[in-house]
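What the coordinates show
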Amino acid sequence: MKESIMLLVILLPVISGILVPLLPFKKRRHMEIFLEIVVVINSLLVWGILLEFPEESFTLARFTGNLTISFRVDGMTMVFAGLVSALWPFATLYAFEYMTREERERSFFAFYTMTYGVTLGIALAGNMLTMYFFYELLTLVTVPLVMHTLSREAILASRTYLYYSLGGAAFAFISLIFLTIYGSTTDFILGGALDLERVGERTNTLLLVYVMAFLGFGVKAAICPFNSWLPKAGVAPTPVTALLHAVAVVKSGAFAILRLTYFSFGTDFLEGTWAQSVVMAITMFTIVYGCSRAVKETHLKRRLAYSTISNLSYILFGAALMSPAGMVGALTHMVFHAVMKIASFFCAGAVMHQTDRHYVHELNGLGYKMPWVFGVFTLSALALMGVPGLAGFVSKWNLALAAVESGNPLSYGGIVCLLISALLTAVYMLTIVVRAFFPGKDFDDRAVSEIRDPGWKMVVPLVVFSAFIVVFGLYSSPFVEFFQKVANGIY
Amino acid sequence: MSYFVLLPILFPILSGIFLLVRKEMKNRQSLLITVGAALVITTVLAITAMLTVRDEIFLVFNLTRTLPVLFKIDGVGVIFGIVGIIVFVCAGSFGFEYMKHEEHEKRYYGFYLIVFGILMALCFAGNLVTFYLFFELLTLSSMPLVLHTGSKEAVMAGLKYLFYSLCGAYMVLFGFYFINRYANTLSFSEGSVLNPELAAGHASLLLGAAFVMIMGFSVKAGMFPMHAWLTAAHPAAPAPASAVLSAVIVKAGVLGIIRVVYYLFGASFLQGTWVQSVWMTLALITVFMGSLLAYREPVLKKRLAYSTVSQISYILFGLAVMDPDALTGGMLHVICHSLVKAVLFLCAGAIIYKTGKTRADELRGIGKEMPVLLWCYTVASLGLVGIPPTGGFVSKWYLAAGALSSGIPGFFWIGPAVLLISALLTAGYLLPITISGFFPGEDFDYGGLKKREPGVLMTLPIALLTALSVLAGLFPNVLTDFIARLAADIL
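Residues numbered from 1 in each chain as written. Chains lettered and ligands numbered in written order. Predicted model: local features only at pLDDT ≥ 70, side-chain atom pairs only at ≥ 80, totals over all residues. Heavy atoms only, no water.

Considering the overall build of chain B
When you go through chain B residue by residue, the secondary structure sums to 20 helices and two strands. For a compact globule of 491 residues, the expected C-alpha radius of gyration is about 23 Å, and chain B comes in at 22 Å, within 12% of that figure. Structurally, chain B occupies a C-alpha span of about 75 × 55 × 40 Å along its principal axes. Buried positions account for 65% of the 491 residues belonging to chain B. Counted over contacts in chain B with a minimum sequence separation of 6, partners at least 24 positions apart contribute 81%. As presented, chain B carries roughly 16,500 Å² of accessible surface, and 67% of it is formed by carbon and sulfur atoms. Taken together, the 31 basic and 24 acidic charged side chains of chain B have centroids lying 6 Å from each other. (Helix = DSSP H or I, 4+ residues; strand = E, 2+ residues; numbered from the N terminus. Rg over C-alpha atoms; globule rule 2.2 N^0.38 Å. Buried < 20%, exposed > 50% of the residue type's maximum accessible area, 1.4 Å probe, protein only. Contact = heavy atoms within 4.5 Å. Areas by Shrake-Rupley, 256 points an atom, 1.4 Å probe, with all protein chains shown as cover. Lys, Arg positive; Asp, Glu negative; His and termini not counted. Charge placed at Lys NZ, Arg CZ, Asp CG, Glu CD.)

Description of the pattern of salt bridges
Enumeration according to the criterion identifies 13 salt bridges over all chains in this entry. With a shortest N-O distance of 3.5 Å, Glu32(A) and Lys457(A) are connected by a salt bridge. Of this pair, Glu32(A) sits in helix α2 (residues 28-51) while Lys457(A) is found in helix α18 (residues 456-474), placing the two residues 425 residues apart along the sequence. The partner of Glu405(A) in a salt bridge is Arg181(B), with the nearest N and O atoms 3.6 Å apart. Pair noted here: Glu405(A) is in helix α16 (residues 391-406) and Arg181(B) is in helix α6 (residues 152-182), and the two residues belong to different chains. On the basis of relative accessibility, which here comes to 47%, the residue Glu405(A) falls in the partly exposed class. By relative accessible area, which is 26% here, Arg181(B) ends up partly exposed. Three or more residues joined by partner-sharing salt bridges are found here, namely Arg28(A), Glu32(A), Glu105(A) and Lys457(A). (Salt bridge = Lys/Arg side-chain N within 4 Å of Asp/Glu carboxyl O.)

Looking at helix α17 (residues 391-406) of chain B
Residues and elements named next belong to chain B. An ideal rise of 1.5 Å per residue puts 22 Å on 16 residues; α17 measures up with 23 Å between its terminal C-alpha atoms. Along α17, the residues classified as buried are Gly391, Gly392, Val394, Ser395, Lys396, Leu399, Gly402 and Ala403. Buried positions along α17 lie against α13 (300-321), α14 (324-355), α16 (371-385), α18 (411-438), α19 (456-474) and α20 (476-490). In the segment just after α17, Gly407 is the residue with positive phi, at about 70 degrees. (Expected span 1.5 Å × (residues − 1).)

Remarks on the packing of aromatic side chains
Applying the stated criterion across every chain yields a total of 53 aromatic pairs over all chains. A ring pair is formed by Phe131(B) and Phe188(B), whose centres lie 6.3 Å apart and whose planes are at 80 degrees; its orientation type is edge-to-face. Of the two residues, Phe131(B) is situated in helix α5 (residues 128-146) and Phe188(B) in the loop between α6 and α7 (196-199); the sequence distance between them amounts to 57 residues. With relative accessibility at 1%, the residue Phe131(B) sits in the buried group. The exposure class assigned to Phe188(B) is buried, which follows from its relative accessible area of 7%. The lysine or arginine in question, Lys220(A), covers the ring of Tyr135(A), its NZ or CZ lying 4.3 Å from the ring centre. Note that Arg259(B) overlies the ring of Tyr263(B), its terminal NZ or CZ placed 4.9 Å from the centroid. (Phe/Tyr/Trp six-rings, centres within 6.5 Å; stacked < 30°, edge-to-face > 60°. Lys NZ or Arg CZ within 6 Å of the ring centre and 35° of its normal.)

Things to note about the environment of Ala91(B)
Residues and elements named next belong to chain B. For Ala91, the position within the fold is in helix α3 (residues 75-98). Along the chain, Ala91 and Met458 lie 367 residues apart, while their C-alpha atoms are 8.8 Å from each other. The contacts of Ala91, once residues within four sequence positions are left out, are Tyr112, Pro240, Val244 and Leu346.

Overview of the packing of α2(A) against helix α4 (residues 105-124) of chain A
Residue and element names in this part refer to chain A. The contact between α2 and α4 brings their axes to 12 Å, and the two run at 5 degrees. Between α2 and α4, the crossing angle belongs to the class labelled roughly parallel. Each of Arg28, Met31, Leu35, Val39, Asn42, Ser43 and Val46 in α2 lies in contact with α4, whose residues at this interface are Glu105, Arg106, Phe109, Thr113, Tyr116 and Leu120. Here the residues of the contact of α2 with α4 sort into seven nonpolar, three polar and three charged. (Axes fitted to C-alpha atoms, helices over the stretch in contact; angles between N-to-C directions. Parallel < 35°, antiparallel > 145°, perpendicular 65-115°, else oblique. Nonpolar A, V, L, I, M, F, W, Y, C, P; charged D, E, K, R; others polar.)

Re a nonpolar patch on the surface
Nonpolar side chains collect at one region of the surface, where Leu11(A), Ile15(A), Ile18(A), Leu19(A) and Leu22(A) lie side by side and expose about 440 Å² of accessible area between them. Of the residues examined, Ile18(A) reaches a relative accessible area of 45% and is grouped as partly exposed. (Patch = residues over 30% accessible without salt bridge, like charges linked within 9 Å, V, L, I, M, F, W, Y side chains within 5 Å.)

Here's the deal with the confidence of the model for chain A
When pLDDT is averaged along chain A, the result is 89; 100% of the residues meet or exceed 70. Of all secondary-structure elements in chain A, the lowest mean pLDDT belongs to helix α7 (residues 196-199) of chain A, at 80, while helix α12 (residues 274-296) of chain A reaches the highest, 94. (pLDDT = per-residue confidence, 0-100.)

Considerations on the packing of helix α1 (residues 7-21) of chain B against helix α2 (residues 28-52) of chain B
Residues and elements named next belong to chain B. With their axes 8 Å apart at the nearest point, α1 and α2 run at an angle of 165 degrees to one another. Considering their axes alone, α1 and α2 lie roughly antiparallel with respect to each other. Crossing of α1 against α2: the hand is left-handed. Contacts between α1 and α2 involve Leu7, Pro8, Phe11, Pro12, Ser15 and Leu19 from the first element and Leu31, Val35, Ala38, Ile41, Thr42, Leu45, Ala46 and Ala49 from the second. (Left-handed = near helix turned anticlockwise from the far one by under 90°.)

Remarks on a negative patch on the surface
Residues and elements named next belong to chain B. A contiguous patch of negative charge, built from Asp55, Glu56, Glu190 and Asp489, is present on the exposed surface. Within the secondary structure layout, Asp55 lies in the loop between α2 and β1 (58-64). Classification of Asp55 as partly exposed rests on a relative accessible area of 47%.

Brief notes about the environment of Ala154(A)
All names here are of chain A. Among the structural elements, Ala154 can be located in helix α6 (residues 152-182). By relative accessible area, Ala154 is classed as buried at 0%. Considered as a pair, Ala154 and Pro144 are 10 residues apart in the sequence and their alpha carbons are 9.8 Å apart.

Here we look at the environment of Pro225(B)
All names here are of chain B. Relative to the helices and strands, Pro225 is located in the loop between α8 (203-220) and α9 (228-236). The exposure class assigned to Pro225 is partly exposed, which follows from its relative accessible area of 46%. Along the backbone, Pro225 and Met215 are 10 residues apart, and their C-alpha atoms lie at a distance of 9.4 Å.

Overview of unusual backbone geometry
Of note, the bond from Phe224(B) into Pro225(B) is cis; its omega dihedral lies within 30 degrees of zero at 5 degrees. In the segment running from Pro388(B) into Pro389(B), the intervening peptide bond is cis, with an omega of 10 degrees. Looking at the element boundaries, Pro389(B) is found in the loop between α16 and α17. Backbone geometry at Met322(A) places phi at a positive 55 degrees, although glycine is not the residue there. Tracing the sequence through the fold places Met322(A) in the loop between α13 (300-321) and α14 (324-355).

Details of the interface of chain A and chain B
Taken together, the contacts link 34 residues of chain A with 35 residues of chain B. For chain A, the biggest contributors to the area lost against chain B are Trp397(A), Leu419(A) and Phe438(A); these three give 22% of the whole. At the boundary of chain A and chain B, one finds three residue pairs in polar contact (both at pLDDT 80 or more). Secondary-structure elements contributing two or more residues to the side of chain A that touches chain B are α15 (371-385), α16, α17 (409-437), α18 and α19 (477-487) of chain A. Broken down by element, the side of chain A that touches chain B gets its largest block of residues, 12 residues, from α17(A). (Buried area = accessible area lost by both parts, 1.4 Å probe. Polar contact = N/O pair within 3.5 Å; in protein donor to acceptor, adjacent residues only side chain to side chain.)

A closer look at the pairing of strand β2 (residues 68-71) of chain A
Residue and element names in this part refer to chain A. Of the two faces of β2, the one lined by Thr68 and Ser70 and the one lined by Ile69 and Phe71 are each fully buried. Alignment of strand β1 (residues 58-62) against β2, held across four bridges, turns out to be antiparallel. Residue pairing across strands places Thr59 opposite Ser70, the latter belonging to β2. (Pairing = 2+ DSSP bridges.)

Here's the deal with helix α4 (residues 105-124) of chain B
Compared with the 28 Å implied by 1.5 Å per residue over 20 residues, the 29 Å span of α4(B) between its first and last C-alpha is a close match. The buried fraction of α4(B) amounts to 20 of the 20 residues, a majority that puts the element mostly inside the structure.

Quick notes on the side chain of Thr130(A)
Residues and elements named next belong to chain A. Take Thr130: it is sitting in helix α5 (residues 128-146). When its relative accessible area of 0% is taken as the criterion, Thr130 is described as buried. Other than its neighbours up to four places away in sequence, Thr130 contacts Thr68, Ile69, Ser70, Phe71 and Ala125.

Quick look at the structure:
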């Protein structure tokens with residue numbers, strides 16, 4: 001019975017989401033209260049599961065043989081589900097204020113809330129098939145969010161998103177088939193479930209399958225060359241860009257790759273092979289590529305999207321190190337980057353909401369008019385750069401430690417990429433900060449005299465995330481130790 | 001008691017932040033009194049800390065399990081700290097008058113105080129993590145001083161400064177990751193912290209790491225090929241800020257190199273390696289190139305900035321030789337150059353403030369208008385050229401003697417020769433101003449001259465610094481004994 005609560009946390013947001021357009025809310029406020037209550041309750045339930053987690057897996061349906069839809073809580077689940085459920089209530093609160101300027105709020109909130117449940121489905125999935133199922137579902141529920149504004153640009157973006165994601169999932173599907181044939185089970189087991197006797201002579205085939213699946217899941221994690229959907233999808237309303245395209249959706253991709261690498265194929269099988277070198281080289285290239293594009297980009301949200309591309313590959317680089325330390329680095333960055341990037345996206349959204357300015361060169365002198373927003377933006381910029389004492393330093397530290405530990409010359413190159421990326425991060429983030437706070441001599445103050453900070457629903461999430469950034473930076477040990485336990489299979 | 005080391009760090013930082021966030025003060029007087037009081041109190045606190053808690057370790061907190069942030073006041077810290085205090089207090093009180101003709105004074109002094117506190121933290125940092133943390137903060141907080149005037153040129157210079165410095169910081173971080181792997185501890189201790197067992201067989205990797213770290217810190221010290229920011233940034237700042245940047249902030253890079261070479265890797269690890277040769281070569285190139293470019297530069301503040309490039313590499317050369325005498329000379333030159341360069345920049349500032357003239361060739365007859373100022377300028381210049389009885393003579397004597405006695409093939413005579421040529425060039429670019437200032441020539445129109453000696457708030461700090469630079473030459477034993485003992489300890 002205790003296990004079935006896992007199904008509840010997935011179904012509750014999905015059903016509530018479906019109910020939003022159907023229920024006769026008299027006022028907008030009632031819908032807000034309903035949704036916030038649902039989301040908070042769901043998050044509490046998730047945390048309840050994580051703290052008192054059931055040992056057994058819960059099987060919902062059984063197809064032929066060992067193909068089942070089943071859920072199980074393990075360390076990885078705890079990290080990802082904990083992250084998502086901590087962020088969602090704040091993002092919903094922020095969305096209430098942000099969406100006042102947009103149309104068709106109900107359908108927006110319907111899909112937005114459903115996404116919560118689907119993302120938890122990915123986190124709780126106990127085997128490859130279940131994860132694959134929710135992974136496809138995630139694409140489908142988020143497409144309407146991308147094309148929410150129904151502008152031509154948005155429809156094109158959602159089409160690109162759909163094609164890329166479905167295409168990627170198809171590659172991932174191939175790996176599912178191979179895993180059912182060559183694996184002793186498709187359940188996620190730390191260390192991998194490949195049956196090496198069955199693999200026999202076909203090592204290279206399976207490595208190729210791994211690389212294909214890595215790229216397939218990598219589509220959602222915006223790995224180069226499959227990244228162009230992410231900046232385009234920035235046309236979606238900011239709560240979507242911030243929560244889904246910086247955390248839930250893209251991190252599902254990263255999460256799936258971690259599952260694939262550490263729990264399905266297994267690092268024993270992959271480490272030291274050409275497949276490892278290939279995927280590591282791809283992530284290294286993406287790290288630098290994303291940052292360089294971010295520097296070139298002048299649209300604020302697209303710039304942050306390129307930054308996300310780069311940062312996601314930090315996580316994948318950690319995954320590609322294929323050691324427990326690498327996994328610790330990947331998990332640290334998965335969580336810490338989520339908080340940093342959602343904070344910076346929310347700042348960008350607040351600027352767009354308050355001023356309707358979208359480009360970097362329009363931000364001159366806004367710093368003094370919106371001190372909360374740009375204060376938090378500065379903090380998130382410093383954190384992303386990796387200033388010690390803030391979250392980004394710790395995650396980069398863990399990644400670099402793992403890379404040094406591995407003794408692999410290619411991963412030393414990865415450290416160089418991380419640092420080049422840090423420098424470029426400083427370029428694309430701090431130019432914004434400098435513009436906002438030091439607009440220069442010939443700046444006319446009257447142009448911004450009307451501009452104010454947004455209301456509390458936007459400011460509260462910003463402040464909470466900044467607090468997280470600082471706490472993660474200064475007191476990272478409990479978190480990192482937890483990740484170490486996860487990586488070593490204690491949870 | 002050992003917590004006392006925190007006070008001279010936190011007090012100026014907090015008062016700076018207080019100045020930044022509070023609203024504009026009613027009159028200028030109260031701002032100046034606040035700043036003056038903050039400078040004096042910090043000085044008292046710093047001196048007290050140096051006297052009472054020398055060599056006591058104070059652990060602030062643990063950033064992660066293996067990265068403690070801790071402070072310890074040792075001999076090198078005391079030298080850099082005292083130099084910093086003298087320059088900061090003098091340039092600060094000079095600014096009381098000078099900053100009248102700039103805007104946003106409150107912002108300027110806010111960041112000025114923050115930089116002061118961070119500099120103290122750098123001097124007292126007890127391990128690499130702490131040093132790195134404050135090294136990054138130093139860059140971030142001193143950038144607003146560079147772009148203070150808000151002209152397009154200044155903002156670009158500020159960004160250039162920021163990105164070069166961060167590039168250096170990330171190079172340091174790269175080495176940091178590696179030394180962390182092979183060292184027992186990252187606390188600064190005389191000699192080497194490398195763990196011989198772990199490091200065995202990785203010597204070439206560690207040499208590479210050491211080289212990258214030295215290069216990283218040398219960005220801040222303006223060594224070729226990463227010097228381009230310095231000649232853009234230092235002249236762009238208001239004069240008292242230029243003085244602080246050129247006299248003290250660049251020394252943070254020097255301090256970083258001392259810490260890395262003599263307190264982490266250990267001189268014996270680097271002696272006779274390619275790292276030492278490349279480093280000495282680059283330093284000598286910079287010495288010569290800086291002087292030559294200064295000689296060709298018509299704008300006075302830029303000329304002084306090129307001079308800084310050259311003179312700091314005197315220090316770096318002294319450090320690179322890794323000989324007790326050369327090291328003593330290098331550290332002595334830290335003191336002498338700081339005092340002298342502060343005088344020169346403040347003189348340039350006073351001239352700009354009173355006459356608006358920026359180019360060296362416009363300064364004919366300036367000695368008739370501001371005799372006291374030009375006398376100070378002349379005496380300080382003699383110090384930089386290295387003519388007895390000024391401090392510069394002593395430091396260069398030690399540098400040359402150290403290089404000669406080191407017996408490093410080639411460098412033992414090339415080094416002193418380059419230093420000598422550069423000294424001639426130094427005379428060539430500094431003294432013509434004195435000559436044409438006091439002896440404008442027969443065709444000069446004496447009628448247009450009027451008394452323009454700046455007020456006592458400007459003259460007194462300049463005179464004080466000049467006097468100190470001469471005293472350092474008249475009674476060098478006090479300093480040389482102290483420094484030579486220090487050098488003997490760490491070599």
